[in-house]
Structure formats: C-alpha cells, structure tokens
Amino acid sequence: MAVVIGTRNSFELVDGAGVEDVALGAGLRPGPRVLRRFDVPDRDRRPSTRRAPVPARETPPDAAACRVRPERHPAVQFALYALAIAALAAAVTFGYLYASGATTVPERTAVVHVQVGETLHDLAKRSAPASDPDAVAARIRTLNNLTTDDLTPGQPLTVPH
C-alpha cells in the first residue's frame, strides 16, 4: 500500500511497511497529513519511460537566418508609392472613359450643314462631344465618301451623334 502525505512545503509518496498505521487525515496536525491512500500492485515498479531532458547546446546562429532585408530609403519608398497611386488613378480613369463610351463613335447619324470656317475636326467635336474627335472625323469621312478634309460652308454632311 502507498500513501500520499502532504506537508507544509510539499507532497510525499510513502510506500512500505507501517503505512497502514497512518490514519487518513486524523491526528497529524500541525505536521504531515495523509491526502490519499491507494494500493500499489508490486514493489518493483518499472522505471519511467520518459527520457531525461537533453541539455541545450549553445551553437552560433546560422548567418543566413540572421540576415535582415535592408530597408529602402524613404525617398525611394515614397516614389514607389506615388508610382503605384498614379497607375491606379490611370486605370480608374481609363475604366471610366471606357464605361462612359467616350472611346466609341455613336451609331446614330444625323445630317448637319457645315458652318463658315468650320473644319472636319470642329464638326466632329460639335456632333459627338463625348467621343474621340479623331475617330468621329474618320467616321464622317467614310459616311460621306470624302477624300480630302476641305469643306464648303453650307455643305450637308451625315455625322454620327
């Protein structure tokens, strides 16, 4: 039989002869007290299967593990952030232009008369202000079979609008 005895500072496992004489929690004040009594099947207990802890060896750290990535200069970091923001702004602008239809030439057409001093580029801006003037001017040339950019005042032209 074995007994766990609690003292003021610790616990102690006592097994062997005379353990039965110790009463469970009775009459042992202020010294040790019996906390638990249990049977031990055999006196030859197996040693613990735990390995003893291996003391840590002091080894120098690997140089590659200690390398720290060098920080960029603040001016270079600022330039990179500014470049990234400019690229994002350009992407948003081109996306807006594409969604608004400014890059396309309108499909609908109308007949307008050329005014005094007006060029083909001016006529393209007037007829389709939300579109690319060069693309609209090329479309006016194809709609009216124009070979030159010369226009006469009062000339009727089919234009996209």
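Predicted model only: the values in this text are computed from it and were never measured.

Q: What should I look at first to understand the nonpolar core in this one?
A: As a rule of thumb, nonpolar side chains are buried together in soluble globular proteins. In this structure, Leu120, Leu123, Ile140, Leu151, Leu157 and Val159 are the most contacted members of the largest nonpolar core, which totals 13 residues. Elements represented by at least two residues in this core include exactly helix 3 (120–127), helix 4 (133–144) and strand 5 (156–160). Not counting the four nearest positions on each side in its chain, Leu151 is found in contact with Val114, Glu118, Thr119, Leu120, Leu146 and Leu157.

Q: What am I meant to see in the pattern of salt bridges here?
A: If charged atoms from side chains of opposite charge come close, those side chains can pair. Overall, the coordinates contain two salt bridges when judged by the stated rule. A salt bridge links Glu118 to Arg126; its shortest N-O distance comes to 2.9 Å.

Q: Quick question: what am I supposed to make of helix 4 here?
A: Residues spaced three or four apart along an α-helix point in a common direction, a consequence of the helix completing one turn every 3.6 residues. Here helix 4 is 12 residues long and its end C-alpha atoms lie 16 Å apart, about the 16 Å a rise of 1.5 Å per residue gives. Taken as a whole, helix 4 has its buried residues at Pro133, Val136, Ala137, Ile140 and Asn144. Seen along its axis, helix 4 keeps its buried residues to an arc of 100°; they face one direction. Those residues of helix 4 that are exposed and angled more than 90 degrees off the buried face are Asp134 and Thr142. Where helix 4 is buried, its residues contact helix 3 and strand 5. Of the residues trailing helix 4, Asn145 is marked for its positive phi of about 55°.

Rules used in this analysis
Residues numbered from 1 in each chain as written. Predicted model: local features only at pLDDT ≥ 70, side-chain atom pairs only at ≥ 80, totals over all residues. Heavy atoms only, no water. Core = buried A, V, L, I, M, F, W, Y, C linked by side-chain atoms within 4.5 Å. Buried < 20%, exposed > 50% of the residue type's maximum accessible area, 1.4 Å probe, protein only. Helix = DSSP H or I, 4+ residues; strand = E, 2+ residues; numbered from the N terminus. Contact = heavy atoms within 4.5 Å. Salt bridge = Lys/Arg side-chain N within 4 Å of Asp/Glu carboxyl O. Expected span 1.5 Å × (residues − 1). Arc of directions from axis to C-beta.

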